[in-house]
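# Examination of the molecular architecture
Here are the chains, one letter per residue:
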Amino acid sequence: MVRIERLADLKPVHQRQAAVLALWRWRAPILAFELDAEWGVDQSVLESLFRLAASPAGEQSDLAYRRAIAELCTTPLFTSEVDPDTVQLLQLETISNLLAFGELLDKPGVDDVERVVEASAGLANYLDGLVEGSFYSHPAEEAHRQYLADLADRANEGYFASRHFAVETACPGDVPPSAVAGDECPHQSEAVSPRSYDHGMSDAFTVLWTHDTCRALRKAGRVGERPPVAFSGAHSSLPAWSGARAGDEVYALHVNRCVVYVVSRMRVIDMERRDCCGTVPMRWQDPAFPGHGDWSMLGAGGCSATAVHVDATPVRFDMPIPGDLLARLTWRNRRGQTRGLKYVADGRLERSVSLQGFYRLTSESADDLAVVVSNTMP
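In this report, we go over the structure that sits alongside the text. Just so you know, these numbers come straight off a predicted model, no measurement behind them.

As enumerated under the stated definition, the model contains 13 salt bridges in all. We note a salt bridge from Asp270 to Arg274, for which the minimum N-O separation is 2.7 Å. Judged by relative accessible area, which is 36%, Arg274 ranks as partly exposed. A salt bridge links Asp324 to Arg328; its shortest N-O distance comes to 3.8 Å. Residue Asp324 and its partner Arg328 are both found in helix H12 (residues 323-328); the two are separated by four residues, about one turn of the helix. Assessed through its relative accessible area of 53%, Asp324 is described here as exposed. The network of salt bridges with common partners includes Arg27, Glu47 and Arg51.

Moving on, we get to the sheet that holds strand S10 (residues 358-360). The pairing of strands in a sheet comes from backbone hydrogen bonds and takes either a parallel or an antiparallel form. Taken together, the six strands give an open sheet; going across it, the order is S2-S5-S4-S3-S1-S10, and neighbouring strands pair in mixed fashion. Every other strand in the sheet has two partners, leaving strand S2 (229-232) and S10 as the edge strands with one partner each. Across the sheet, the axes of successive neighbouring strands diverge by a mean angle of 40°, strand direction being ignored. Sheet topology places strand S4 (residues 259-270) next to strand S5 (residues 306-312); four bridges connect them, and they run antiparallel. Considered in S5, the bridge of Val268 is made with Val310.

On to the packing of aromatic side chains. One pass over the structure, following the stated rule, counts five aromatic pairs. A ring pair is formed by Tyr65 and Phe101, whose centres lie 5.4 Å apart and whose planes are at 65°; its orientation type is edge-to-face. Pair noted here: Tyr65 is in helix H4 (residues 59-73) and Phe101 is in helix H5 (residues 86-106), with a separation of 36 residues, a long-range link. When sorted by exposure, Tyr65 lands in the same class as Phe101, which is buried. An angle of 20° between the planes, with centres 5.1 Å apart, marks the rings of Trp241 and Phe358 as stacked. Of the two residues, Trp241 sits in the loop between S2 and strand S3 (249-256) while Phe358 sits in strand S10, which places them 117 residues apart along the sequence. The pair Trp241 / Phe358 is uniform in exposure class, with both members buried.

For the rest of this paragraph, the subject is the environment of Pro239. For Pro239, the location among the structural elements is in the loop between S2 and S3. Taking C-alpha positions, Pro239 is 7.9 Å from Val207, a pair spaced 32 residues apart along the chain. The residues touching Pro239, leaving out its near neighbours within four places in the chain, are Val207, Ser232, Gly233, Gly357 and Phe358.

Conventions used here
- Per-chain numbering applies: the sequence of each chain, read as written, is numbered from 1 onward.
- It should be noted that, the model being predicted, local features are given only for residues of pLDDT at least 70 and side-chain atom pairs only at 80 or more, the latter also being counted only at that level, while totals for whole chains, interfaces and linings use all residues.
- Derived side-chain values reflect all non-hydrogen atoms in the structure, with water molecules and hydrogen atoms excluded from consideration.
- Salt bridges are defined as contacts in which a side-chain nitrogen from Lys or Arg sits within 4 Å of a carboxyl oxygen from Asp or Glu.
- Relative accessible area decides the class of each residue, using a 1.4 Å probe on protein chains only: under 20% of the type maximum gives buried, over 50% gives exposed, and in between gives partly exposed.
- Here a strand is any run of E in DSSP of at least two residues, a helix any run of H or I of at least four, and the numbering for each starts at the N terminus.
- Between any two strands, at least two bridges found by DSSP are needed for them to pair.
- A fitted line through C-alpha atoms represents every axis, and for helices the fit uses only the stretch in contact; the resulting angles, taken between N-to-C directions, go from 0 to 180 degrees.
- We call Phe, Tyr and Trp rings a pair once their centres come within 6.5 Å, taking the six-membered ring for Trp, and we label the pair stacked below 30 degrees between planes, edge-to-face above 60, and tilted otherwise.
- Residues count as neighbours in contact if any of their non-hydrogen atoms are within 4.5 Å of one another.

Structure representation (structure tokens):
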């Protein structure tokens, strides 16, 4: 995607793609939190609007988008007074941008495209203002400051605005519709989640590393080293990292004698096969990821294994989760329902069955685990 000043130089099809990419950046944030029930808005309608906007332009997809907009506009949201909190404000602004995209379909033009693009940039600036005025301290602050320090030509802007600009200028103006419809441009994964401005964090998940995995890490001398990669799979012993995106954090947990340890905190970089993964195997007996042989015990040979490149803390086995925190940790599913751990007694986890998988933490529990890691890091 190009800078706003150059929108007028693009062909109409590319102008539309610019608006789509600006919209898509906020898809994950608006869908990550439940909408206010009194609004009467079905999240599936919003999901369909994003997908239809990203579909190749055509009479059929445009008609479907208009119908979804018409359905959205019949909800109580448009006849009630709303005094939004921070998350709701983001949701409302994004819904407004979806409506603006619908107007673009009826009256194509650079002015309507610019309205969508500028609204997206305005949200990024708004988040920077919230962070600047917040009393919340987060371990990522130093990394954010370093990122800004390295931007000599944009040092006066905030972190989210700068990341927004990086996405905007990294995506070419001639992105084919198939690339948009498929998912997102290569740098679009820098989109912020609601937790990024409400708590300074992206979404966070947990994954359980088995005794065999941890034994192999020790045997290979990987304790104290930072894994550059982990693996997503299709089996309970190597679960799929469903729902995780670039920027999200994943806490690798291990249970030993009823105590739960944080072995590593991994921030997702991407979930694609890269040159560092090595040659794609030609025969079933060939290693799946020869370039990551040092970390193959993390699941390289698992069922349908795919590489997840990460920025991780060093592997360690001396970072226990306090018993009182263990009892109040909670996870949430895509419907917003929450659950805690089963079989916790006197601060000890007697059975690890409810940890076996890849699960999204609630924001409160993600904050609590972040404190555990930051307080025990050397």
